[in-house]
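Summary of the model geometry
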Amino acid sequence: IHPAAHLDPAAHLQQRVAVIGGGIIGLSTAWRLAQCGFAVTVYDRSSPGGEASWAGAGMLAPGGEVEDDSPLATAALASRRMYPEFVAELERASGCTIDYQECGALELAYTDSEWQELEHRAAAQKQLGISSKPIEQPSVHAFWPRVRTDSLKGARFYPGDAIVNPRDVVSALVKAMSGLRVTIAERCPVLEVAVNESSVEVRTVAGSGMAYCAAVLAAGAWSAEIRVAGVPALPFSEPVKGHLLGYLQPEQTCTTIIRRGRTYLLQRSNGMLLAGASVEMVGFDRQVKPDIVAELASDAGAILPHLNETTPTESWIGFRPSSDGLHVGPWHSERFFLAYGHYRNGILLAPWTAALLRDAIGSSLGTP
Ligand code: GLY
């Protein structure tokens, strides 16, 4: 690919922004920037949305992911509130249907220590505005008839938790941007970025550098692999591998998220019931491991016993984009911005991240 192919020829330097990484974070950010009139080039090392955004379960679930008051908690709750309008706007702009379900989450405790932990967490979450209510065993049995209730110690329902199919979001973003000034440079790894006073140069495997007025680094677990000159060293990034399973099941088998400890279950509208997820520090190892698949299947069967009678239809892995925290905003320059470290919550945090970067870049450089 000739690098000039990545540039909108009519766009002046002051209108051009590079987004490095075409996952849900990079694509959402590109969409918001393009809506403001920027000419955006999205660089992806393979194909857009092909990594964590493809693998992710798509839980929009502060109830399962947030416990303490922290910047992540604030961002997660803000992004959760943004999701209904984000999905509606994206559906309108793209003409695509997005599988988004405001289904809530049932959290189960089968041991005393699980129950104590659940109650402790619910009390802390209440302070943050995350509501949940206890559900008695007969109600669990009545409303979730497939859930194992023998030796159930307690359960809570989180009405604010939801799910989205992240693959639908990615497809819709790509479609929505086809009518805007966005170029997606696929299979085009970025090697180097040079942040200067009046521009940012992005050099790819395709050849010499291209100049932009600003760049956003949103390459997930790969972010810190990119050499960046002209600013202090970047926060590290690393992959945290997760295995997931999919069981093709009759619709309405699992009408809410169901969680127990580190295990979660949810069902897409197309019937695919997902069970996740392992948490593994093994670098970029792409192998699907039969022992981990068996362990996840056993954990899923301990919640929905009928799954013990079947084998998963699919199993896959993804790399959560981990860092020492969430990095969203300018990095020692008014032209260079980070958008990584979303770890377990990248799908949830996409609307918030994109809006924050649109506003930050607009206030640093003005809109075209
Ligand atoms: N957000 C769930 C996970 O990372 O497994």
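Before reading further, recall that the structure is shown in the block above.
Attention in this report is confined to the structure presented alongside it. What you are looking at is a predicted structure, and each value in this text was computed from that prediction instead of being measured. (Residues numbered from 1 in each chain as written. Predicted model: local features only at pLDDT ≥ 70, side-chain atom pairs only at ≥ 80, totals over all residues. Heavy atoms only, no water.)

Broken down by element type, the protein carries nine helices and 21 strands. Its C-alpha atoms give the protein a radius of gyration of 21 Å, within 12% of the compact-globule value 21 Å for 368 residues. Each principal axis of the C-alpha distribution contributes one length, and for the protein these read about 65 × 40 × 40 Å. Out of the 368 residues belonging to the protein, those deemed buried represent 55%. Counting contacts in the protein only where the partners sit at least 6 residues apart, residues at least 24 apart contribute 75% of the total. In the form shown here, the protein has an accessible surface area of approximately 15,100 Å², with 52% of it arising from carbon and sulfur atoms. Computed over 30 positive and 38 negative side-chain charges, the separation of the two mean positions in the protein equals 3 Å. (Helix = DSSP H or I, 4+ residues; strand = E, 2+ residues; numbered from the N terminus. Rg over C-alpha atoms; globule rule 2.2 N^0.38 Å. Buried < 20%, exposed > 50% of the residue type's maximum accessible area, 1.4 Å probe, protein only. Contact = heavy atoms within 4.5 Å. Areas by Shrake-Rupley, 256 points an atom, 1.4 Å probe, with all protein chains shown as cover. Lys, Arg positive; Asp, Glu negative; His and termini not counted. Charge placed at Lys NZ, Arg CZ, Asp CG, Glu CD.)

Once that is clear, we can look at the pattern of salt bridges. Tallied over the full model, the rule gives 20 salt bridges. When the shortest N-O distance is used, the salt bridge between Asp299 and Arg262 registers 2.9 Å. Highlighted residues: Asp299 in helix H8 (residues 290-301) and Arg262 in the loop between strand S16 (257-260) and strand S17 (263-267), separated in sequence by 37 residues. Overall, the relative accessible area of 23% leaves Asp299 in the partly exposed class. (Salt bridge = Lys/Arg side-chain N within 4 Å of Asp/Glu carboxyl O.)

Now for the pairing of strand S19 (residues 314-322). When you tally the buried positions in S19, you get seven out of nine residues, the bulk of the element. Across nine bridges, strand S15 (residues 238-248) lies against S19 in antiparallel orientation. If you follow His243 over to S19, its bridge partner there is Ile317. (Pairing = 2+ DSSP bridges.)

A separate point is helix H9 (residues 346-365). At Trp352, H9 is deflected by roughly 30 degrees, the largest bend along its length. In terms of residue burial, H9 counts as a mostly covered element, since 14 of its 20 residues are buried. Gly366 sits one or two positions beyond H9 and adopts a positive phi of about 80 degrees. (Bend = angle between axes of the 7 residues up to and from the residue.)

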